[in-house]
Structures are given as C-alpha cells and as structure tokens.
Amino acid sequence: MTVLFDRIALIGIGLIGSSIARDIRESGLAKEVVISTRSEATLKRAEELKLGDRYTVSAAEAVKDADLVIVSVPVGSSGLVAEQIAPHLKPGAILTDVGSTKASVIAQMAPHVPEGVHFIPGHPLAGTEKSGPDAGFAGLFKGRWCIFTPLPDTDPDALAKLRDFWSALGSRIDEMDPLHHDKVLAIVSHLPHIIAYNIVGTADDLEAVTESEVIKYSASGFRDFTRLAASDPTMWRDVCLHNKDAILEMLARFSEDLASLQRSIRWGEGDKLFELFSRTRTIRRSIVEAGQDVDAPDFGRHALDPKA
Ligand code: NAP
C-alpha cells in the first residue's frame, strides 16, 4: 500500500465517485478521504457505506487542504461546482474530473481554476447503467482506459502523480486533445447510447406489437439495447447537450449508412449485406482480443460487474 495523497476530496459520490472511494479505501491511497455531494440523502448513504472519513454537503468545505480533488458530477454541473470550490482550493492541489465530455467541461471549469492549482481533465472509460453510491464497486476501473486531456501548460509532475493514481486503480492511461476525445467518444459511447434510447423508444411507441410481446421476446436482441437505454437520464441528457457538435456529425454519418443499408434490404443486395455483417463481426473479435470484453454470450457482464 502506497499513500499517494494526504487528503483526497471527492465531489459527487454516485457510481463513479463511490467506485473511486472504494478503490482508495481498499488500496490505502490516501490518509483521509472527504466526501461531498449536494443532497443530504446521498451523503447519508455514503456515510452508511463508509466510503470516506469525513462528509459534508458543502463542496467548498470538502476541498479545503485537499491535495487531490476529483469532481464526479453530471457534466452540465461541472461549471457550478468549479465556481463553488475555486476560492477554497489549496495552492499546488490537483483538480480533476471524470466527465464523459471534455471540451465543454474544460470551458466550464478552467476559467474558475486559481493560479497554482493543477487542473487536469480526465475521463475513465468504465461504467455501468446504474447510478448512485450503491451502484459503485471496487475494481470498476481495472483494465479500463482513463483518458487525460491536459491543458497546454499542465505541470508534468502533477500529471505524473495523477497517472500514478489512476494506474493504482488498475487503469490504462492515454492522453488526447479534448476535441479529439469528444469525437472518439461520440462514436464509441455517445452514439450507441442514443441509438439504444431511440430503438427502445420506437418499440415502446409501436402499436402493432404489444408491450408484453416486446418484453417476452426481448432475448432475441432487444434486451441488449435496453441495458444501454436504462442509463442515467440526467447524465445522458448532459452528454447530448455538451457534446452536441461531435454527436450531430456522427449521427449524420450514421443516418447515411443506415439509408444505404435500407436500400440494400429493399433491393435484395444480399452480397452487400453479407459483406457488412462479416466486417462488423471482426470488430467484435478485435474488442475481445484487446481485453475490453470477454467472449461470453451475456457480453461478459458478470465478469465485469459483480453486481450485474
Ligand atoms: P451518478 O451515479 O448519477 O452520481 C452523480 C453524483 O453527482 C451524485 O453524487 C449527485 O449528487 C451529484 N450531482 C448530481 N447533480 C448535481 C449538481 N447539479 N450539482 C452537484 N452535484 C450533483 O453519476 P455517475 O454515473 O457517477 O457520473 C458522474 C460523472 O461521471 C458524469 O460526468 C459522467 O459523465 C461521468 N462518467 C459516467 C460513467 C458511467 O458509466 N456512469 C462513465 C464514465 C464517466 P446527489 O445524489 O446528492 O444529488
């Protein structure tokens, strides 16, 4: 066990914040963990789960004398949180976040960050469709990527320390330009969720097929979309609103390709369909080979999330 920070403040203690808290506790990465969340109810639950050493609804109070501050709130709230904590951050502290969009979070938070505080935006590519402090678990980040989008003047020592922290949580680390991050995530994460929300919404609106039939026969494919479509509505509303340009660009590409697929089906172009379906199959194989999933028919979810 190596203590990396004397005091860590966690602002937001949902799925991501509470998973980080559990990992810090298990690995002894900090001497003290201070937890803050906006509601008394969530704070009480965090305390019952013994996720930290001190608890407060005041984010400003929580960050006092903290060496590392991790903001894990919906991306649309990051500006407000930054404004609240900025005057209370300790000089030399590292401030980071876990938000799913990066350019917008930087635009919201960076203007508030005082001189001498190292702001290093981050995004762990790990999660589930659950939310709240009960949903988190130790080991969520193991083997998953954590992407940093450092600002041009980022202090190399602070960056190295944050890399050490996420490495201790088992993450693999990459660095990217924020706009590039937002484009990559638009296709690998945001579009799949939007497609899932849409298909489940379409099924729900169908009149010719009854709801009980949709549920009863869901194992034939629909079920896999419902997991993504059960993701937190606040989080995903914010992701859509805060990565608008990249998402709209990817949606335009997707719509064109869907129209082409539609044409192939209409005109009976079996060879084209077969070629596409074979190409996509190899992508699945590459993901399994890269260790980002296991080749189990339940998409390996039991192996990844002990609570699934
Ligand atoms: P979550 O489980 O819903 O938890 C959200 C936390 O943020 C709660 O502590 C909540 O407090 C607090 N919060 C909500 N609205 C707030 C506001 N307006 N001001 C201050 N605090 C607020 O969410 P999560 O899944 O941990 O996601 C947190 C962040 O991680 C998001 O930015 C998300 O984009 C990112 N992320 C999520 C995933 C994923 O799969 N879920 C993966 C990677 C990154 P109360 O409960 O007290 O209201």
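Our subject is the structure listed above.
Residues numbered from 1 in each chain as written. Predicted model: local features only at pLDDT ≥ 70, side-chain atom pairs only at ≥ 80, totals over all residues. Heavy atoms only, no water.

### Structural notes on the site of the ligand
The cut-off we apply is this: Nearness of a residue to a molecule or strand requires only that one of the residue's heavy atoms be within 4 Å of it. Nitrogen and oxygen atoms within 3.5 Å of one another constitute a polar contact, given that in protein one can donate a hydrogen and the other can accept it, and given that sequence-neighbouring residues count only through two side-chain atoms. In this description, accessible areas are obtained by the Shrake-Rupley approach with a 1.4 Å probe, and a residue is regarded as covered only by the protein chains that are shown.
Surrounding the ligand, one finds 25 residues, the nearest of these being Thr-37, Ser-39, Thr-42, Val-73 and Ser-100. Taking Leu-15, its main chain carries an N or O atom lying 2.8 Å from an oxygen atom of the ligand. Within the contact set of the ligand, an oxygen atom lies 2.8 Å away from a backbone nitrogen or oxygen of Gly-132. Calculation on the ligand without its partners gives an accessible area of 900 Å², and the protein chains cover 85% of this total.

### A few points about the pairing of strand 4 (residues 68–71)
Looking along a regular strand, one sees the side chains alternate between the two faces of the sheet. For clarity, the threshold we go by: We call a residue buried when its accessible area falls under 20% of the maximum for its residue type, exposed when it is over 50%, and partly exposed in between, using a 1.4 Å probe and counting protein chains only. The secondary structure listing takes helices from DSSP runs of H or I that are at least 4 residues long and strands from runs of E that are at least 2 residues long, numbered from the N terminus. What makes two strands pair is DSSP finding at least two bridges between them. Looking down the strands as they point away from the viewer, one classifies a crossover as right-handed if the path from the first strand across the helix to the second runs clockwise.
Of the two faces of strand 4, the one carrying Leu-68 and Ile-70 and the one carrying Val-69 and Val-71 are both buried. The sheet contact formed by strand 1 (residues 5–11) and strand 4 spans four bridges and is parallel. Looking at strand 4, one finds that Ile-11 is bridged to Val-71. Of the pairings in the sheet, the one linking strand 4 to strand 5 (residues 94–97) comprises four bridges and is parallel in character. When the sheet's bridge partners are listed, Leu-68 is paired in strand 5 with Ile-94. Considered for its hand, the β-α-β crossover made up of strand 4, helix 4 (residues 78–85) and strand 5 is right-handed.

### As for the environment of Ala-135
Within the secondary structure, Ala-135 sits in the loop between strand 7 (122–124) and strand 8 (145–148). Here Ala-135 falls in the buried class, since its relative accessible area comes to 11%. A sequence separation of 62 residues divides Ala-135 from Tyr-197, and the C-alpha atoms of the two residues are 21 Å apart.

### Some points on the pattern of salt bridges
Rule in force here: Salt bridges are identified by distance alone: a Lys or Arg side-chain nitrogen within 4 Å of an Asp or Glu carboxyl oxygen.
Here the structure, examined in full by the defined rule, presents 17 salt bridges. The shortest N-O distance in the salt bridge between Glu-32 and Arg-54 comes to 3.0 Å. Note that Glu-32 is positioned in strand 2 (residues 30–36) and Arg-54 in strand 3 (residues 54–56), a separation of 22 residues in sequence. We note a salt bridge from Glu-249 to Lys-183, for which the minimum N-O separation is 3.7 Å. Taken together, the positions of Glu-249 in helix 11 (residues 244–266) and Lys-183 in helix 7 (residues 178–205) put the pair 66 residues apart, joining distant regions of the chain. Overall, Lys-183 belongs to the partly exposed group, its relative accessible area being 38%. One network of salt bridges, with partners in common, ties together Lys-44, Arg-45, Glu-48 and Asp-134.

### Focus: a negative patch on the surface
Defined as follows: Only residues above 30% relative accessible area that lack a salt bridge enter a patch, with like-charged residues linked at up to 9 Å and the nonpolar side chains Val, Leu, Ile, Met, Phe, Trp and Tyr linked at up to 5 Å. We count Lys and Arg on the positive side and Asp and Glu on the negative side, and we leave His and both chain ends out. Just so you know, the charge point we use is NZ for Lys, CZ for Arg, CG for Asp and CD for Glu.
On the surface, Asp-204, Asp-205, Glu-207 and Glu-211 cluster together into a patch of negative charge. Following the sequence through the fold, Asp-205 ends up in helix 7.

### Here we look at the packing of helix 11 against helix 12 (residues 270–289)
Here is the rule we go by: The axes used here are C-alpha line fits, helices contributing only the stretch in contact, and every angle between their N-to-C directions lies in the interval 0 to 180 degrees. Put simply, angles under 35 degrees are roughly parallel, angles over 145 are roughly antiparallel, angles from 65 to 115 are roughly perpendicular, and the rest are oblique. The criterion used for residue contact is that any of the two residues' heavy atoms lie within 4.5 Å. For this classification, the nonpolar set comprises Ala, Val, Leu, Ile, Met, Phe, Trp, Tyr, Cys and Pro, the charged set comprises Asp, Glu, Lys and Arg, and every other residue, Gly included, is treated as polar.
It is at 9 Å that the axes of helix 11 and helix 12 come closest, and there the two elements cross at 135°. As far as their axial angle goes, helix 12 and helix 11 are oblique. Along its contact with helix 11, which presents Leu-261, Ser-264 and Ile-265, the element helix 12 presents Lys-272, Leu-273, Leu-276 and Phe-277. Classifying every residue of the contact of helix 11 with helix 12 gives five nonpolar, one polar and one charged.

### Overview of the environment of Leu-261
Locating Leu-261 in the fold gives a position in helix 11. A C-alpha to C-alpha distance of 30 Å links Leu-261 and Gly-291, two positions 30 residues apart in sequence. Not counting chain neighbours up to four residues away, the residues in contact with Leu-261 comprise Leu-273, Leu-276 and Phe-277.

### Quick word on the side chain of Arg-22
Summarising the element assignment, Arg-22 is placed in helix 1 (residues 15–27). Buried charge without a partner: Arg-22 forms no salt bridge, and the closest opposite charge is Asp-134, 5.4 Å away. Among the polar contacts listed, one links the side chain of Arg-22 to the backbone oxygen of Pro-133, at a separation of 3.0 Å.

Scope: geometric values only; no functional claims are made or implied.
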